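# Commentary on secondary and tertiary structure
Chain residues, written in single-letter form:
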Amino acid sequence: MKRLDALRAIYSFLEDRVVVTIMGAVAAELQSIGHRANFFYLQHAMGLASSMGLGIALTRPDRQVIVLDGDGSVLMNLGGLTTLARYRPRNLVHVVFDNESLLSVGGFPTATSTGTDLAAIAAAAGVRRTATARTLDEFRGAFDEAIAARDLTTIVAKVDAVGPSKYVTELSLLENRFAFQRYLAII
Amino acid sequence: MSPVSTIHSRLIYDALKACHIRLLSALPETWLVHLVRMADEDPEMTLVRLAKEEEGVGISAGAHLAGVKSAMLMQNHGFLASINGIVSCAQLYRIPLLMLVSYRGEFGERDPWQTEGGAVTEDLLRALRIPFSYLDHPDHVARRIAKAQTLALAANKPVALLLCRDLMWEEGG
Ligand SMILES: Cc1ncc(C[n+]2csc(CCOP(=O)(O)OP(=O)(O)O)c2C)c(N)n1
Ligand SMILES: [Mg+2]
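Residues numbered from 1 in each chain as written. Chains lettered and ligands numbered in written order. Predicted model: local features only at pLDDT ≥ 70, side-chain atom pairs only at ≥ 80, totals over all residues. Heavy atoms only, no water.

### Let's talk about the packing of aromatic side chains
Residue and element names in this part refer to chain A. This is how the line gets drawn: Two rings from Phe, Tyr or Trp (for Trp, the six-membered ring) form a pair when their centres are within 6.5 Å of each other. A pair whose planes differ by under 30 degrees is stacked, one over 60 is edge-to-face, and the rest are tilted. Numbering of helices and strands runs from the N terminus; a helix is a DSSP stretch of H or I covering at least four residues, while a strand is a stretch of E covering at least two. Only protein chains enter the calculation, and the probe is 1.4 Å; a residue is then buried if its accessible area is under 20% of its type maximum, exposed if over 50%, and partly exposed in between. The rule for a charge over a ring is simple: NZ of Lys or CZ of Arg within 6 Å of the ring centre, and within 35 degrees of the ring normal.
Tallied over the full model, the rule gives eight aromatic pairs over all chains. Between Phe-97 and Phe-139, the aromatic rings sit 6.0 Å apart at their centres with planes inclined by 50 degrees, giving tilted as the arrangement. On the criterion of sequence distance, the pair formed by Phe-97 in strand 4 (residues 92-98) and Phe-139 in helix 7 (residues 136-149) is long-range, its members being 42 residues apart. On the basis of relative accessibility, which here comes to 0%, the residue Phe-139 falls in the buried class. Chaining the aromatic ring pairs together yields one cluster made of Phe-13, Phe-97, Phe-139 and Phe-143. One cation-aromatic arrangement involves Arg-17 over Phe-13; the distance from NZ or CZ to the ring centre is 3.8 Å. The cationic tip of Arg-177 hangs over the ring face of Phe-178; the distance from NZ or CZ to the ring centre is 3.9 Å.

### Some thoughts on the sheet that holds strand 2 (residues 46-49) of chain B
Hydrogen bonds along the backbone pair up the strands of a sheet, which may run parallel or antiparallel. All names here are of chain B. Heads up, the rule is: For two strands to be treated as a pair, DSSP must find no fewer than two bridges joining them. Only the contacting stretch of a helix is used when fitting its axis, a line to C-alpha atoms as for every element, and angles between N-to-C directions run 0 to 180 degrees. In what follows, residue pairs with any heavy atoms lying within 4.5 Å of each other are defined as contacts.
If you walk across this open sheet you meet the six strands as 2-1-3-4-6-5, and the pairing is parallel. A single partner strand is all that each edge strand has here, and the edge strands are strand 2 and strand 5 (132-135). Neighbouring strand axes in the sheet, compared pairwise and without regard to direction, differ in orientation by 20 degrees on average. Across four bridges, strand 5 lies against strand 6 (residues 158-163) in parallel orientation. Counted as the bridge partner of Phe-132 is Ala-160 from strand 6. Those strands touched by helix 3 (residues 54-65) are strand 1 (23-26), strand 2, strand 3 (70-75) and strand 4 (97-102), and its axis lies near 170 degrees from that of strand 3.

### Some points on the side chain of Asp69(A)
Residues and elements named next belong to chain A. Put simply, the rule is: The charge count includes Lys and Arg as positive and Asp and Glu as negative, but it does not include His or the ends of the chains. The working definition used for a salt bridge is a side-chain nitrogen of Lys or Arg within 4 Å of a carboxyl oxygen of Asp or Glu.
Tracing the backbone shows Asp-69 in strand 3 (residues 65-70). It is Arg-3 that comes nearest to the buried, bridge-free Asp-69 among opposite-charge side chains, at 9.8 Å. Setting aside anything within four residues of it in sequence, one finds Asp-69 in contact with Ile-22, Ser-50, Val-74, His-94, Val-95, Val-96 and Phe-97.

### Digging into the site of ligand 1
Formally: Nearness of a residue to a molecule or strand requires only that one of the residue's heavy atoms be within 4 Å of it. Pairs of N or O atoms are called polar contacts if they sit within 3.5 Å, as long as, within protein, a hydrogen donor faces a hydrogen acceptor (for residues adjacent in sequence, only side-chain-to-side-chain pairs). Computed by Shrake-Rupley with a 1.4 Å probe, the accessible areas treat only the displayed protein chains as cover when residues are assessed. With a 1 Å grid laid over protein atoms only, a set of points is called a cavity when a 1.4 Å probe fits there but cannot get out and a pocket when it is open yet has protein on both sides within 12 Å along at least five of seven lines; lining residues have an atom within 4 Å of a point. Criterion for pocket placement: a molecule counts as inside a cavity or pocket if more than half of its atoms are within 2 Å of its grid points.
If you check the shell around ligand 1, you find 18 residues, and the closest are Asp71(A), Gly72(A), Ser73(A), Ser101(A) and Ser104(A). Positioned at a junction of chains, ligand 1 has nearby residues supplied by chains A and B. One of the side-chain N or O atoms of Asp71(A) is found 2.7 Å from an oxygen atom in ligand 1. The separation between an oxygen atom of ligand 1 and a polar main-chain atom of Ser101(A) is 2.8 Å. When isolated, ligand 1 has an accessible area of 580 Å², and the protein chains bury 82% of it. The pocket occupied by ligand 1, as judged from atoms lying within 2 Å of grid points, is the largest pocket.

See the structure below:
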């Protein structure tokens, strides 16, 4: 499964949801499909996208929050999974695009390439709903189920280690940040 | 009874409430026990207990963008453990962070393990250009907390208040 196709498969759902993504390839791919004011791309701060999603989900329980994470990023903040599980925001769906790689910095393999299972780690951290998706159909099914369940879910989507040719986009970091804050202020 | 000052902890907690803080992230240490308990017992406060302090930067960033005022409670070694998050999330994205940092390892410290962190705390804050002040006397607690938050919000940047032994600890020496 290509991550770009997985993003396309859920894009119509993301259109009016609060979305927080990690840096680099994921951010550039989602922007290539179409940027919206309700999408925030946390460039550079590895590991903290899920923590940001938690901060939003806890303070805005009325909004559905989707975090689009990566294997390398999650591995850098495994403790964050325990905090997510502990507070169990039912309005948060945590998608981890696991390409077994630090794709955005040259594609060096992560520990998921040698057997580390992030869905199992999330489950062991206390996340009650977890799923691993290897095909587009499985991914779409797991995503729809997570939304319908109205409960914290970590979905590990196994994707190919391919991405866009460049990661810097037209959108400036601060423009994205302030527009996202204004979006959250009016909804 | 613990020599951590309940009265001064209450003063700090009330000052945070007066600043409309509604979310507190915390990784406890001895000096912070009362503050964490007060947050836990307060139905108006969302207390987020962390596994590592750096998570608190992301949580506060999310809360801020969502329109909720928050603060972080940690010891100075937790500040050390959060530095990349402070730089790469809060400073890069202009997020106001109100950090209450217990200042272990300063004059009067008996625990040998606190002393290295104590000796580098202020230099690191300066190197990061994080404005900071001290909470070392009950008379200025409320004012300094309010002013620190005002600056953080005006500058859209992290600020720090160092919780000092003279305020937090009741035992002489
Ligand atoms: C603390 C820190 N170390 C290293 C980097 C460099 N870096 C940027 S993106 C990235 C890889 C992210 O990996 P992953 O979350 O799996 O996303 P992918 O690039 O594979 O989509 C790294 C190591 C960084 N931004 N921060
Ligand atoms: Mg990856």
